[in-house]
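Each chain, letter by letter, is given below.
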Amino acid sequence: MKWPFFEKYKIDPSPWPWELANWSDLRWFLAKSLALNHLVTYPILGYLQAYYLHTMYIEDSDLLPDHYTIASQILFCILIEDTYFYFAHRLLHWKPLYLMIHKIHHKFPHSISFLATSAHPLEVASCF
Ligand SMILES: [Zn+2]
């Protein structure tokens, strides 16, 4: 299946995943990986995060920071998150961790949205 609009802007020269000979096996693997992470891993992590935030709940709005503080903290968090993600990803390419955890994420050589969350649950938890 080729759509002219997407072919026009495609930058990856490799074939689309559905054009590969083992697409049937890859599709099943992808479905299981996404189901595990979206139906089990993310809900567990979301619950733990909500529970943690609930214990930190602030009832008095006068204790909330001003807009400048919130904006600067958001920028700081973006910087920290991107730096953490970069080095965590590099660490996951260390051979023992790659073979044990990260190779699931790189099972597909393509850059399509569904593949971003196709990963080992430990990798999902490390990026949550
Ligand atoms: Zn990687």
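These figures come from a predicted structure and were not determined experimentally.

Engineer: Give a description of helix α3 (residues 67-92) that names residues and reports values.
Structural biologist: The periodicity of an α-helix, 3.6 residues per turn, causes residues three or four places apart in sequence to face the same way. Over its 26 residues, α3 runs 37 Å from end to end, which matches the ideal 38 Å to within 8%, given 1.5 Å per residue. Across the 26 residues of α3, one count as buried, placing the element largely on the outside.

Engineer: Would you mind going over the environment of leucine 92 in detail, with residue names and values included?
Structural biologist: Within the element layout of this structure, leucine 92 appears in helix α3. Judged by local crowding, leucine 92 falls into the buried class, with 21 C-beta atoms found within 10 Å. C-alpha of leucine 92 to C-alpha of lysine 103: the two residues are 11 residues apart in sequence and 8.9 Å apart in space.

Engineer: Pulling in residues and values, what's your account of the environment of leucine 45?
Structural biologist: Mapped onto the elements of the fold, leucine 45 is located in helix α2 (residues 23-55). Residue classification places leucine 45 among the partly exposed residues on the basis of 16 C-beta atoms within 10 Å. Here the alpha-carbon distance between leucine 45 and aspartate 82, two residues 37 residues apart in the chain, equals 20 Å.

Rules behind the numbers
Residues numbered from 1 in each chain as written. Predicted model: local features only at pLDDT ≥ 70, side-chain atom pairs only at ≥ 80, totals over all residues. Helix = DSSP H or I, 4+ residues; strand = E, 2+ residues; numbered from the N terminus. Expected span 1.5 Å × (residues − 1). Buried ≥ 20, exposed ≤ 12 C-beta atoms within 10 Å, placed from the backbone.

Such coordinate-based values are descriptive only and should not be taken to indicate function.
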